[in-house]
Amino acid sequence: MTNWVISDPHFGHKGILKYEKIRDFNSTDEMDEAIIKNFNDTVSEGDTVFWLGDMFFCKTERMKYIVDKLKKTRNILVLGNHDNGVSKTKFKRFGFMPYRMYQYKDLILTHEPLSEVNLKILSEYGITKNIHGHVHSNIEGMNQDKYKCVSIECTDLKPINIDSLSSINPFFEYNIKFNVTNAFGMICLPLYKIPSEKELSIDEVKEMAINLLNKQENDYVINEIKITKKVLLDTEITLLRGAR
């Protein structure tokens, strides 16, 4: 599963067409359909999407139409200044869990960019960057080492991978269980663990696991290989790297 972030779709908002050149559409319907298509072409069902506010400028019936056309994802909504007209209950009913702000790894997610003073305070607690929307294409003068605007005008009208914005990289651990047959019959070998700083394909893990098994110089016939993946973050990574 992949984690995405997007902000300021402004579904149904006629006024936004006048102010943002990248929204070169003849109508709000045309704009909405383009954003929906870009979204569906980017994410997969079951992914997590962080929406950083200013969602709908349309009636409930139109909201339902849009939501029904979007791929089914886990939706976390950071409320924007234009979301006051929709109740939290309605957002939940449409599948969006609303928050005022949200921490993800070393990122603080907000609708409006935080002040540099507040961001400096948060940096003492491990926050390295403010991911936000609100300003649309008007990012001139903003320190891109500290701020990242994900209004769709800045992301080619589609979500972007939020993990690419974090300075915390995941650490992957693959657990392999072999069911083999040897001279004594069918047995299950003890669990193998393969650590990796990059995500591996199933075929890559299988090849590494078989090579490890062959080094034992036993006459095994492999009946079954079960592979499970664990993603470790934050302090878990630090502890693992410190132990190696």
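This text gives an overview of the structure that appears in the document. (Residues numbered from 1 in each chain as written. Predicted model: local features only at pLDDT ≥ 70, side-chain atom pairs only at ≥ 80, totals over all residues. Heavy atoms only, no water.)

1. Topic: the packing of aromatic side chains
Here's step 1: Summed over all chains, the structure comprises nine aromatic pairs.
Here's step 2: Pairing phenylalanine 39 with tryptophan 51 gives two aromatic rings, centres 5.1 Å apart and planes at 25 degrees, and the pair type is stacked. Taken together, the residues span a long stretch of sequence, with phenylalanine 39 in helix α2 (residues 28-42) and tryptophan 51 in strand β2 (residues 48-51) at a distance of 12 residues.
Here's step 3: Ring plane angle 75 degrees and centroid distance 5.7 Å describe the contact between tryptophan 51 and phenylalanine 96, whose orientation is recorded as edge-to-face. (Phe/Tyr/Trp six-rings, centres within 6.5 Å; stacked < 30°, edge-to-face > 60°. Helix = DSSP H or I, 4+ residues; strand = E, 2+ residues; numbered from the N terminus.)

2. Some remarks on the packing of α2 against helix α3 (residues 60-69)
Here's step 1: Close contact between α2 and α3 brings their axes to 10 Å; oriented N to C, the two are set at 25 degrees. The angle between α2 and α3 places the two elements in the roughly parallel class. Every pair of crossing elements has a handedness; the one defined by α2 and α3 is right-handed. Contact with α2, carried on its side by Asp29, Asp32, Glu33, Ile36 and Asn40, involves Arg62, Tyr65, Ile66 and Lys69 of α3 and no other residues of that element. (Axes fitted to C-alpha atoms, helices over the stretch in contact; angles between N-to-C directions. Parallel < 35°, antiparallel > 145°, perpendicular 65-115°, else oblique. Left-handed = near helix turned anticlockwise from the far one by under 90°. Contact = heavy atoms within 4.5 Å.)

3. Considering unusual backbone geometry
Here's step 1: Although it is not a glycine, histidine 10 adopts a positive phi angle of roughly 50 degrees.
Here's step 2: When you line up the elements, histidine 10 lands in the loop between β1 (3-6) and α1 (16-19).
Here's step 3: When its relative accessible area of 2% is taken as the criterion, histidine 10 is described as buried.
Here's step 4: We note that aspartate 54 has phi near 55 degrees; this positive angle belongs to a residue other than glycine.
Here's step 5: As for its placement among the helices and strands, aspartate 54 is situated in the loop between β2 and α3.
Here's step 6: Residue classification places aspartate 54 among the buried positions, given a relative accessible area of 1%. (Buried < 20%, exposed > 50% of the residue type's maximum accessible area, 1.4 Å probe, protein only.)

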